[in-house]
Amino acid sequence: MISESTPRSAPAEPSEDIDLACYNATYVERLLQKYLDDREAVPENWRAFFDREAEENGVSAAELGSRPPSFRPRSIFGETGPAPGPATAGGGTVGNVKLQKVQYASDQLVNGYRSRGHFNAKLDPLNIKNKKATNLSLEAFGLARSDLDQRVYYSSGDKIEQIVLEDLIKRLDDLYCKHIGYQFTHIDETDVQQWIIDRIEHQSHIKELPNSVQRQILQRLTEATVFEEFVRKKYVGAKTFSLFGSEMLIAMLDLLIDRAASNHVREVVLGMPHRGRLNVLTNIIGQPARELFAQFNDVDFHQFLGGGDVKYHLGNSVDKKTTSGNEVHLSLCFNPSHLEFINPVALGRLRAKQDRTGDDQRRRGMAVLIHGDAAFIGEGVVQETLNLSQLEGYKVGGTVHIIVNNQIGFTTSYDDSRSTRYCTDIARMLQIPIFHVNGDDPEAVADVVSMAMDFREKFQRDVIIDLVCYRRLGHNEADEPSFTQPMMYKAIDKQLPIRDSYLNRLVEQNRISPEEANAISDEYQEFLKKEYDIAQEMKERSLRRPEGVWEEFAGGLEPTNDEDPEHDPADECPETRIPIDRSAEILRMLATVPEDFHRNRKLTRIADQRREMADGHRSLDWAAAEALAFATLSMEGHRIRLSGQDSQRGTFNQRHSVLHDINDGHEHCIFTNLSQKQAPVEIVNSPLSEAGVLGFDYGYSLDYPNALVAWEAQFGDFSNAAQVIIDQFMASAEDKWRRLSGLVLMLPHGYEGQGPEHSSARLERFLWLAAEDNIQVAIPTTPAQYFHILRRQMKRTWKKPLILFTPKSLLRHPAAVSSLEELANNKFERIIRDTRENPETTSRVIMCSGKVYYDLAHYRDEHQRHDVAIIRVEQPYPLKNHTVQAVLDQYQDGVPLYWVQEEPDNMGVWPYWKLRYGHRMFERFPLSVIARETSSSPATGSKAAHEYEQQQLLERAFNT
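Remember, it's a predicted structure, so these values are computed and weren't measured experimentally. (Residues numbered from 1 in each chain as written. Predicted model: local features only at pLDDT ≥ 70, side-chain atom pairs only at ≥ 80, totals over all residues. Heavy atoms only, no water.)

J.: Just give me the short version of the overall build of the protein chain, but keep the residues and values in it.
T.: Across its full length, the protein chain carries 32 helices and 24 strands. The buried share among the 960 residues of the protein chain stands at 58%. Of the contacts formed within the protein chain by residues at least 6 apart in sequence, a portion of 79% connects residues at least 24 apart. When the accessible area of the protein chain is evaluated, it comes to approximately 39,300 Å², of which 48% is carbon and sulfur surface. (Helix = DSSP H or I, 4+ residues; strand = E, 2+ residues; numbered from the N terminus. Buried < 20%, exposed > 50% of the residue type's maximum accessible area, 1.4 Å probe, protein only. Contact = heavy atoms within 4.5 Å. Areas by Shrake-Rupley, 256 points an atom, 1.4 Å probe, with all protein chains shown as cover.)

J.: Explain the sheet that holds strand S19 (residues 831-832) to me, using residue names and the numbers behind them.
T.: In spatial order, the strands read S19-S21-S20-S22-S24-S23; together these six strands make up an open sheet with mixed pairing. Each edge of the sheet is formed by a strand with only one pairing partner; in this case those strands are S19 and strand S23 (920-921). As judged from the five bridges shared by strand S20 (residues 844-848) and strand S21 (residues 868-873), these two strands associate in the parallel manner. Bridged to arginine 844 within S21 is valine 868. Across the face of the sheet, helix H31 (residues 910-917) comes into contact with S20, S21, strand S22 (897-904), S23 and strand S24 (925-932) while running at roughly 165 degrees to S24. (Pairing = 2+ DSSP bridges. Axes fitted to C-alpha atoms, helices over the stretch in contact; angles between N-to-C directions.)

J.: Please set out the packing of helix H9 (residues 248-262) against helix H10 (residues 277-285) residue by residue, giving values where relevant.
T.: Here H9 crosses H10 at 40 degrees, and the two axes come no closer than 10 Å. Classified by the interaxial angle, the pair formed by H9 and H10 is oblique. Every pair of crossing elements has a handedness; the one defined by H9 and H10 is right-handed. Where H9 abuts H10, its residues Leu249, Ile250, Leu253, Asp254 and Ile257 lie against Asn279, Val280, Asn283 and Ile284. Residue classes in the contact of H9 with H10 are distributed as six nonpolar, two polar and one charged. (Parallel < 35°, antiparallel > 145°, perpendicular 65-115°, else oblique. Left-handed = near helix turned anticlockwise from the far one by under 90°. Nonpolar A, V, L, I, M, F, W, Y, C, P; charged D, E, K, R; others polar.)

J.: Please provide a residue-by-residue account of the sheet that holds strand S5 (residues 316-321), values included.
T.: Taken together, the eight strands give an open sheet; going across it, the order is S3-S9-S10-S8-S7-S4-S6-S5, and neighbouring strands pair in mixed fashion. Both outer strands of the open sheet, strand S3 (180-183) and S5, are each paired with one neighbouring strand and no more. Strand-to-strand twist in this sheet, taken as the mean axis angle between neighbours without regard to direction, amounts to 20 degrees. Relative to strand S6 (residues 327-332), strand S4 (residues 267-271) runs parallel, the two sharing four bridges. Bridge pairing in S6 places valine 269 opposite serine 331. Against the sheet, helix H12 (residues 342-356) contacts S4, S6, strand S7 (365-372) and strand S8 (399-405), and its axis sits at roughly 175 degrees relative to S7. Contacting S3, S7, S8, strand S9 (434-438) and strand S10 (463-468), helix H16 (residues 442-459) crosses the sheet at an angle of about 165 degrees to S9.

J.: How would you sum up the environment of proline 904? Please name residues and give values.
T.: For proline 904, the position within the fold is in strand S22. It is 6.1 Å that separates the C-alpha atoms of proline 904 and serine 935, two residues lying 31 residues apart in sequence. Setting aside residues no more than four positions away along its own chain, proline 904 makes contact with Tyr751, Ala931, Arg932, Glu933, Thr934, Ser935, Ser937 and Pro938.

J.: Any chance you could break down the pattern of salt bridges for me, citing the residues and the numbers?
T.: Inspection of every chain in the model, using the stated rule, returns 54 salt bridges. Glutamate 201 is the salt-bridge partner of arginine 114, the closest N and O atoms lying 2.7 Å from each other. Here arginine 114, found in helix H5 (residues 92-116), pairs with glutamate 201, found in helix H7 (residues 190-201); they are 87 residues apart in sequence, far enough to count as distant. No difference in accessibility class separates arginine 114 from glutamate 201, as the two residues are buried. (Salt bridge = Lys/Arg side-chain N within 4 Å of Asp/Glu carboxyl O.)

J.: Outline the packing of aromatic side chains, supporting the account with residue identities and numerical values.
T.: For any pair of aromatic rings, the description rests on two quantities: the centre-to-centre distance and the angle between the ring planes. Under the criterion given, the structure shown has 30 aromatic pairs. Relative to phenylalanine 296, the ring of tyrosine 235 lies with its centre 4.3 Å away and its plane at 15 degrees, an arrangement referred to as stacked. Here phenylalanine 296 lies in helix H11 (residues 289-297) and tyrosine 235 lies in the loop between helix H8 (211-234) and H9, a separation of 61 residues in the sequence. Accessibility assignment for this pair places tyrosine 235 and phenylalanine 296 in one class, buried. Among the aromatic side chains, those forming a connected cluster through ring pairs are Phe230, Tyr235, Phe293, Phe296 and Tyr532. Note that lysine 234 overlies the ring of tyrosine 532, its terminal NZ or CZ placed 4.6 Å from the centroid. It is lysine 458 that lies over the ring of phenylalanine 459; its NZ or CZ is 5.6 Å from the centre. (Phe/Tyr/Trp six-rings, centres within 6.5 Å; stacked < 30°, edge-to-face > 60°. Lys NZ or Arg CZ within 6 Å of the ring centre and 35° of its normal.)

J.: Residue-level account of the pairing of strand S2 (residues 159-164), with values.
T.: Two strands pair when backbone bridges link them, and strand S1 (residues 151-156) and S2 are joined in this way by six bridges, in the antiparallel orientation. Across the sheet, the residue bridging to arginine 151 is valine 164, located in S2. Hairpin connection from S1 to S2: two residues lie between these consecutive antiparallel strands, with glycine 157 at a positive phi of about 65 degrees.

J.: Explain helix H30 (residues 881-888) to me, and be specific about the residues and the numbers.
T.: When we look at burial in H30, the residues that qualify are Thr883, Val884, Val887 and Leu888. For H30, the angular spread of buried residues about the axis comes to 130 degrees, placing them on one side. (Arc of directions from axis to C-beta.)

J.: Got a sec to walk through H11? Specific residues and values, please.
T.: Taken residue by residue, H11 has Ala289, Leu292, Phe293, Ala294, Gln295 and Phe296 as its buried positions. In this structure, the buried side of H11 is in contact with H8, H10 and helix H19 (514-537). Looking one or two residues past H11, aspartate 298 carries a phi angle of roughly 55 degrees, positive in sign.

J.: Break down the packing of H8 against H10 for me, with residues and values.
T.: Helix packing geometry: the angle between the two helix axes and the distance between the axes. Put simply, H8 and H10 touch, their axes get as near as 10 Å, and they point 125 degrees apart. Between H8 and H10, the angle falls in the class oblique. Read as a crossing pair, H8 and H10 show a hand that is right-handed. Every residue of H10 that contacts H8 at Glu223, Ala224, Phe227 and Glu228 is listed here: Leu278, Asn279, Thr282 and Asn283. Across the contact of H8 with H10, the residue classes break down as three nonpolar, three polar and two charged.

J.: Describe the side chain of arginine 655, with residues and values.
T.: With respect to the secondary-structure elements, arginine 655 resides in the loop between strand S11 (640-644) and strand S12 (658-660). A relative accessible area of 5% means that arginine 655 is categorised as buried. Among the polar contacts made by the side chain of arginine 655, one reaches the side chain of glutamate 626 at a distance of 2.6 Å. Of the polar contacts made by the side chain of arginine 655, one reaches the side chain of glutamate 712; its length is 2.8 Å. Look past the residues within four positions of arginine 655 in its chain and what remains in contact with it is Arg610, Glu626, Leu642, Ser647, Gln648, Arg649, Gly650, Glu712 and Met746. (Polar contact = N/O pair within 3.5 Å; in protein donor to acceptor, adjacent residues only side chain to side chain.)

J.: Explain the pairing of S11 to me, using residue names and the numbers behind them.
T.: A large share of S11 lies buried, amounting to five of its five residues. The two faces of S11 match: Ile640, Leu642 and Gly644 on one face and Arg641 and Ser643 on the other face are all buried. Taken together, the five bridges between S11 and strand S15 (residues 708-712) define a ladder with parallel strand orientation. When the bridges of S15 are listed, serine 643 appears paired with tryptophan 711.

J.: Give a detailed account of the environment of alanine 625, specifying residues and quantitative values.
T.: Along the chain, the position of alanine 625 falls in helix H22 (residues 622-635). Under the relative-accessibility criterion, alanine 625 is labelled buried at 0%. Linking alanine 625 and histidine 788, residues 163 residues apart in sequence, is a C-alpha distance of 9.1 Å. If near-sequence neighbours (up to four positions away) are discounted, alanine 625 is found in contact with Leu620, Pro783 and Phe787.

J.: Any details on the side chain of glutamine 287? Residues and values, ideally.
T.: Within the secondary structure layout, glutamine 287 lies in the loop between H10 and H11. By relative accessible area, glutamine 287 is classed as buried at 7%.

J.: Mind laying out the confidence of the model for the protein chain, listing which residues take part and the relevant values?
T.: Taken over all residues, the pLDDT of the protein chain has a mean of 89, while the share at 70 or more is 89%. Across residues 68-92, where pLDDT falls below 50, the model places 51 contacts with residues more than four positions away in sequence or in other chains. (pLDDT = per-residue confidence, 0-100.)

J.: How would you summarise unusual backbone geometry if you had to cite specific residues and measurements?
T.: With omega at -10 degrees, the peptide bond leading from tyrosine 877 into proline 878 counts as cis. Summarising the element assignment, proline 878 is placed in the loop between S21 and H30. For glutamine 460, which is not a glycine, the phi torsion comes out positive at approximately 50 degrees. Topologically, glutamine 460 is positioned in the loop between H16 and S10.

J.: Describe the environment of aspartate 717, and please don't skip the residues or the numbers.
T.: The topology assignment puts aspartate 717 in the loop between S15 and helix H24 (723-730). Under the relative-accessibility criterion, aspartate 717 is labelled buried at 7%. Residues aspartate 717 and histidine 749, spaced 32 residues apart in sequence, show a C-alpha to C-alpha distance of 7.9 Å. Aspartate 717 has contacts with Pro756, Glu757, His758, Ser759, Ser760 and Ala761, leaving out every residue within four places of it along the chain.

Next up, the structure:
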């Protein structure tokens, strides 16, 4: 590394008698642009020069700048456009041509180092990578050794200097080909590129580290190393997914968090896989080591029967004072083995924290995502997450990505795991730099941290740090890595641990003595031993309860009253009703736009219909009920966030929450200006992504319990592309990690003859996941039911994810309507009873869920089958037995009961219903199913076949 004291030639100042063709054309262009923007911003001699050029060519300064380079005054760029380089005085024409060629070649050489120098950087601590380097030789740029003593002009930004070519090459080699590889020329914006070049080449960032920082790095490396050694000795054979070989991560995170706190960041959310997690929890998050050792001892296993998670999946949060003395809140997210799926979750959590605290500028929070090299390039959710980074509905102010590059996956080498040169090449999709750094050079790492944090602070974009290191042990402690990587592990066996190599470096520089270093190690060893001894006495670990913003909320089983089954608190919704006059008033506001807003004629008709609903002349449809739910909750102080593909308009052209002016395209949200104290309503059109977006919104729900957070699938079937988020987070997070969420999934569902992928939202999958009241699964069939369940979800202190199967054809079905009275007087009903008179005359009972009810009801009316009762199960889970029994009590024993569904009988509600009730419900009613035949695919792709199947289904339901 070059220190600040490295001598350089002073920049040459232009004078009036210097031929300006000797300057790099790009440099002159920049000066001209500065002159055009602000004449006083350029030096006086350049100012006079540009003034004279404009005068001599008979143009104004503005006209001078508007001409393309090839038509600019020739005295600026020579006789043939921009000159390739200097033509210094002396040597005649031949000498000038020679110098021009050397200058042009040196310019290309500089650009070559900037764009490709990282290929030649010494990044691998093991020095065994055989990736082909790029050619930065003299010959590659048309230069010869005889040119090395030539003086050339070298420019960067507004600085220019003369330098001997040999010295320039040495400088470039030191800057671009040592232990840091800078990858940034894929960035399109020249100002961003120039900022990076200035940071690298002006060397203002390359300073000798203060001894205090060097000692801080050594301290963290010592703690990381001693921790791994201590755990490995005390718990022989236990899986820890150690950080051996990558210990620099701990020192790096410490520096990064210090720098963030100094930049007024007060909230840091971290997401990471299992490798190194125990070390991070102890040495960065500050979780007491005794808690970790107690987990290894596992003495209180009875607390975790059927629940909990392995220790290297757990997270924690803490308020911490950094080395620089600033306070910062650190949150390490819980994460399953699905490595990269924590990425969008962590970003959603940070966005929620920012929104909740009013950090609209995204300055007081920061996300740090730690990746493995194989996973970063291998898992598609990484691309989905990167794509969110600059989208307005998902911005968090820039994420720091750290790839712990072990140069190996589980047992697979990088040559077999990616088609790209770098594991970071996926990140080149963004306009951000990628910094590759040798993980065995702590001071190079510190340099990269400084530059990365400054880039993020200035541009509020993501930044990538590729920490190239190695994995000293196997994938886990039981693996033998030399089975599959014999050459790599021969090199690793010879490699001095980074703590030792850095200590040797500091001792040689007289920055620390061996005795001082040993004292640091001994002190930490003694600390761990005391924590270990305490853990041996612990009989039970303390389980964290909801705290902070979650303090008023609860999870667990849904509240019930076992002493009085007829009185079930779970059936008593919190207050979700809204008076008629209030609903009418809000409907009118939702139908009103600013006077200068010009909406589409068809949308004017929708607004007129809502006024009719307000006046009581028209029934309430689904979209109006939803808008009323959102509006009333917002006006009561609850933030609304709904995201999904095309959610602003609605997949089925039903929502229209954000309108577009037909004259100029500007937007108007219908939820704007409902009241002075309303909370924000954010309806976000998401990218064409499921896992990334659902993960983000799930994360958002974790840190904003007072907001109604919903994700809407374009079609319910598309949720299968986010199954990891559903299975590993939503359905099981409370059981595994004691984390609560009130996230709502809106999944359009219903058999409309639109084919296998647009019929079923896979209701059965959610019911198979349902246990211990972990989620709520509901299929509301009326706008009023939908209104009340949305409000109930926000008003309850019992927080669980809500899976809502929403309709398609019912959005406009003439029978699927409600009245304002139902909003004012009703509540959400888990089961809707049959309303026929004389239930004792019932010859059969049909139970169903969702859209098929309307087909059944129409068939019953059309065929005058008044002996058939139809009961709607609006919430299949959780559903207490006594709630179902209360509905069936009015029917005589032995009346046949049929579960009727549109789905094949191996899908939908039936498999769950059958498992729960068997073939005879409550020992009173014989139970069987009417459904489509068992199938491997949800539905037919033929419209005619669908209609035939549907008719057969109805016939069987009434006549079997």
